[in-house]
Structures are given as C-alpha cells and as structure tokens.
Amino acid sequence: MTDHGLGRIGVWTFAFDGHPASEVREAAAEIEELGYGTLWFGEAFGRDSVSQSWLLLSATRRMTVAAGIANIALRDPISMAAAERAINEAYPGRYVLGLGGHRISDEPIKMDGYSIPSKGRAVASMSAYLDAMDAIPLVSAASPYPPRRVLAALGPKMLAVAAGRTLGAHPYFVPVEHTARAREAMGPDALLAVEQAVVLDTNVSRAREVAREHVGFYAAAAPHQIASLRRLGFGEDEISQVGDRLVDAIVAYGDMAAIEKRVREHVDAGADHVCLQVLTARPGEMPRAEWRELAALS
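Residues numbered from 1 in each chain as written. Predicted model: local features only at pLDDT ≥ 70, side-chain atom pairs only at ≥ 80, totals over all residues. Heavy atoms only, no water.

### A look at the overall build of the protein chain
Move 1: A tally of helices and strands in the protein chain yields 12 helices and 11 strands.
Move 2: A globule of 298 residues ought to have a C-alpha radius of gyration of about 19 Å, and the protein chain, at 18 Å, matches this closely.
Move 3: Dimensions of the protein chain, computed from C-alpha atoms along their principal axes, come out at roughly 55 × 40 × 35 Å.
Move 4: Out of the 298 residues belonging to the protein chain, those deemed buried represent 54%.
Move 5: For the protein chain, contacts bridging at least 24 residues in sequence account for 73% of all contacts bridging at least 6.
Move 6: Accessible surface, the protein chain: about 12800 Å² in total, of which carbon and sulfur atoms supply 54%.
Move 7: On the protein chain, the mean spot of the 30 positive side-chain charges and the mean spot of the 37 negative ones are 2 Å from each other. (Helix = DSSP H or I, 4+ residues; strand = E, 2+ residues; numbered from the N terminus. Rg over C-alpha atoms; globule rule 2.2 N^0.38 Å. Buried < 20%, exposed > 50% of the residue type's maximum accessible area, 1.4 Å probe, protein only. Contact = heavy atoms within 4.5 Å. Areas by Shrake-Rupley, 256 points an atom, 1.4 Å probe, with all protein chains shown as cover. Lys, Arg positive; Asp, Glu negative; His and termini not counted. Charge placed at Lys NZ, Arg CZ, Asp CG, Glu CD.)

This is the structure in structure tokens:
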C-alpha cells in the first residue's frame, strides 16, 4: 500500500447541501478534529464543486478536502483547470480534484484545438478533457505542490486512464470484489480511494431497509453503475429487484464491528483509503453522531 497522504479513513457525504454555510463550516471543523484524513463531497444540485471546495478548505486547517466528483459535463476544461490551480495555490497540498460525470450534450466541446467527444464515450471524453486541462496556458500563481487528480473510474479502461494520467481512482458504489479488480488493473502504485456506504444501526432489519433504498436509487437511475454491476456478475433480476445479495455487497450495515470488517476487507483487497458515506433514515440531515462514532476507525 502506498501512502498518498489521504489517511486510511475519510468521510464521504452529500449532506452539506441544503445546510447553511455556517453549519457546514462547523461540521467540517469537527470532522477534522475527529481525526479523519480526508473529507469527500459529492456534486449534484447543491453547491457546485468549486465553491464547496473553498468553503470546506476555509473551515479546516490540515485535512485534505476532495471533490468526489467534479462533473466534467458542468464546466469546460479552462474553468476547471483555473479553479484547480487557484484552490491548490490557496491551500497547498490539501486539495484533491476528482473528475468524472456524464456528458449531457451530443455536441462535442471544441476548444484550443481539442475536441471533447460527445456523450456515450466516457474514456475518450475524459482523456480529451485531461489533455485540454493540461494544455491551457495558465498565468496565475502556482502552488509548489503539484495538482492531485483522481478519476471516478469503474471499468477497466477508465481505471487504466486513472492510473496512467492521474494519482489514481475513486470508485463509488462498489463491492469489495471491485476493489480487488481495480487494484489488479491499476498496479501497485496508483491511489485507490474507495467510497463505502454504511448504515450504523444495530437494528439490522431497519438498517437493511435504509441500505436497500440507497442501492435502489442507483440501480434504477444510474446506467454507469448498472453496467458496473453487470460486469461484477449481478443478474438483471438482482439489479431491478434490488436483491439482498446486491444490497449486502454495496452497503455495510449493523454495528461498528460490521463496518470495521468491511473497511478491512477493502484494505486487504488493495484499497489505500476508504471513505465512509453514512446513510440514515433522516434524509438531508448531517449524520454528526455517526461521524463521531465511526471516527474510532480512523
């Protein structure tokens, strides 16, 4: 395992969106004091990735803040490259830019001689996007620390791009088997930072229902996740009906021992870093009590 400076355990969350900035700052500062190595956040319909990065970095002093992920469909390469440099200059060595997402337009992006392919060609789109970011002649001050990027890679081709072009991969919504496959595909040196959804609830039946709702959302509405599940051997009925085997593979639920066991399995399979996404029956609420309890794993 290679030390990439993210720590062994991190927090992954969508929960900051919908809460005032003052509450987000307070929560981020507490997550840092609890000893987590990295704070990851998703990008959907709340704060955009760039503004959320600034907010979290300004609220903390040491911890790494990681975009997991900044959607390449939402900003062109020059704006992403400029933002990456500015954030890395202001908070040197504390920012990781995760890139991924899905193009929503059939029209290629053309810029400075580069053409980002149309949607449906994920590997070609990402490779061209990285080419364009690297080619932009930025004139702003640069950090002494090189930028750190990871890709939201699931399939073998994107994992190869992640290992060859960036620090490594940040797989989301994956079982331990995927971690083993990703490590084999990327080799020993690339970063493998795995998101793991967890429900910390000793009422196993209730915990499993929370887990099932989470899995069901992606199994119904995320084609890239469905394709990944098929590659891992899950059948059409298991996916469409959100079967128990699928739920149990994607989400760790139960007591602390169950969560710790899943983290250990990912590490044994080749993960350098595991970031825990807490799921609860309280949608939209920041799960601060669970973050405090899970900090014992860090």
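### Section: the environment of Leu6
Move 1: Positionally, Leu6 belongs in the segment before strand E1 (9–13).
Move 2: Each C-alpha atom of the pair Leu6 and Val274 lies 9.5 Å from the other, and the pair is 268 residues apart in sequence.
Move 3: Setting aside residues no more than four positions away along its own chain, Leu6 makes contact with Gly37, Thr38, Trp40, Val96, Arg148, Leu191, Ala193 and His273.

### Digging into the packing of aromatic side chains
Move 1: Scanning all chains against the criterion turns up seven aromatic pairs.
Move 2: Aromatic pair Trp12 and Phe14: ring centres 4.9 Å apart, planes at 85 degrees, arrangement edge-to-face.
Move 3: Classification of Trp12 by relative accessible area gives buried; the value is 1%.
Move 4: A centroid spacing of 5.0 Å and a plane angle of 40 degrees characterise the contact between Phe173 and Tyr218, whose relative ring orientation is tilted. Of the two residues, Phe173 is situated in the loop between strand E8 (168–169) and helix H6 (176–186) and Tyr218 in helix H7 (residues 204–221); the sequence distance between them amounts to 45 residues. (Phe/Tyr/Trp six-rings, centres within 6.5 Å; stacked < 30°, edge-to-face > 60°.)

### Some words on the environment of Leu56
Move 1: Among the secondary structure elements, Leu56 is positioned in helix H2 (residues 49–59).
Move 2: For Leu56, a relative accessible area of 0% translates into the label buried.
Move 3: Leu56 sits 35 residues away from Ala21 along the chain, and the two C-alpha atoms are 9.3 Å apart.
Move 4: Apart from residues no more than four positions distant in its own chain, Leu56 is found in contact with Phe16, Val24, Ala28, Leu39, Phe41 and Val65.

### A short note on H2
Move 1: H2 sits mainly inside the fold: eight of its 11 residues count as buried.
Move 2: Ser49, Val50, Gln52, Ser53, Leu55, Leu56, Leu57 and Ala59 are the residues of H2 that are buried.
Move 3: As for H2, its buried residues are in contact with helix H1 (21–33), strand E2 (38–41), strand E3 (64–71), helix H3 (77–90) and strand E4 (95–100).

### Some points on the pairing of E1
Move 1: For E1, the buried fraction is high: five of the five residues fall into the buried class.
Move 2: Side chains of E1 alternate between two faces, with Ile9, Val11 and Thr13 and Gly10 and Trp12 buried alike.
Move 3: Of the pairings in the sheet, the one linking E1 to strand E11 (residues 273–278) comprises four bridges and is parallel in character. Its bridge partner lying in E11, Ile9 is registered against Val274.
Move 4: Across four bridges, E1 lies against E2 in parallel orientation. Residue pairing in the sheet places Thr13 in a bridge with Phe41 of E2.
Move 5: Since E1 and E2 lie parallel, the crossover through H1 that links them has a hand, and here it is right-handed. (Pairing = 2+ DSSP bridges. Right-handed = clockwise from strand over helix to strand, strands pointing away.)

### Some words on the nonpolar core
Move 1: Membership of the largest hydrophobic core comes to 64 residues, with the highest contact counts inside it found for Phe16, Met80, Leu99, Leu276, Trp291 and Leu294.
Move 2: Residues within four places of Leu276 in sequence aside, it is in contact with Ile9, Gly10, Val11, Trp12, Gln196, Val198, Ile259, Val263, Leu294 and Leu297.
Move 3: Among the nonpolar cores identified, the runner-up in size contains 33 residues, and Val150, Phe234, Val242 and Val251 belong to it. (Core = buried A, V, L, I, M, F, W, Y, C linked by side-chain atoms within 4.5 Å.)

### Let's talk about the packing of H1 against H2
Move 1: Where H1 contacts H2, the axes come no closer than 8 Å and their chain directions differ by 55 degrees. By the criterion of interaxial angle, the relationship of H1 to H2 is oblique. Relative to H2, the crossing made by H1 is right-handed. Facing H1, whose interface residues are Ala21, Val24, Arg25, Ala28 and Ala29, H2 presents Leu55, Leu56, Ser58 and Ala59.
Move 2: A per-class count over the contact of H1 with H2 returns seven nonpolar, one polar and one charged. (Axes fitted to C-alpha atoms, helices over the stretch in contact; angles between N-to-C directions. Parallel < 35°, antiparallel > 145°, perpendicular 65-115°, else oblique. Left-handed = near helix turned anticlockwise from the far one by under 90°. Nonpolar A, V, L, I, M, F, W, Y, C, P; charged D, E, K, R; others polar.)

### A word on the pattern of salt bridges
Move 1: Inspection of every chain in the model, using the stated rule, returns 24 salt bridges.
Move 2: One salt bridge in this structure joins Arg230 and Glu236, with 2.8 Å as the shortest N-O distance.
Move 3: Glu236 sits in the partly exposed class, given a relative accessible area of 45%.
Move 4: The partner of Glu265 in a salt bridge is Lys261, and the shortest N-O contact between them spans 2.5 Å. You can see Glu265 and its partner Lys261 sitting in helix H11 (residues 256–269), four residues apart, about one turn around the helix.
Move 5: Residue Lys261 is classed as partly exposed on the basis of its relative accessible area of 43%.
Move 6: A single salt-bridge network, built from bridges that share partners, covers Glu84, Asp131, Asp134, Arg149 and Arg165. (Salt bridge = Lys/Arg side-chain N within 4 Å of Asp/Glu carboxyl O.)

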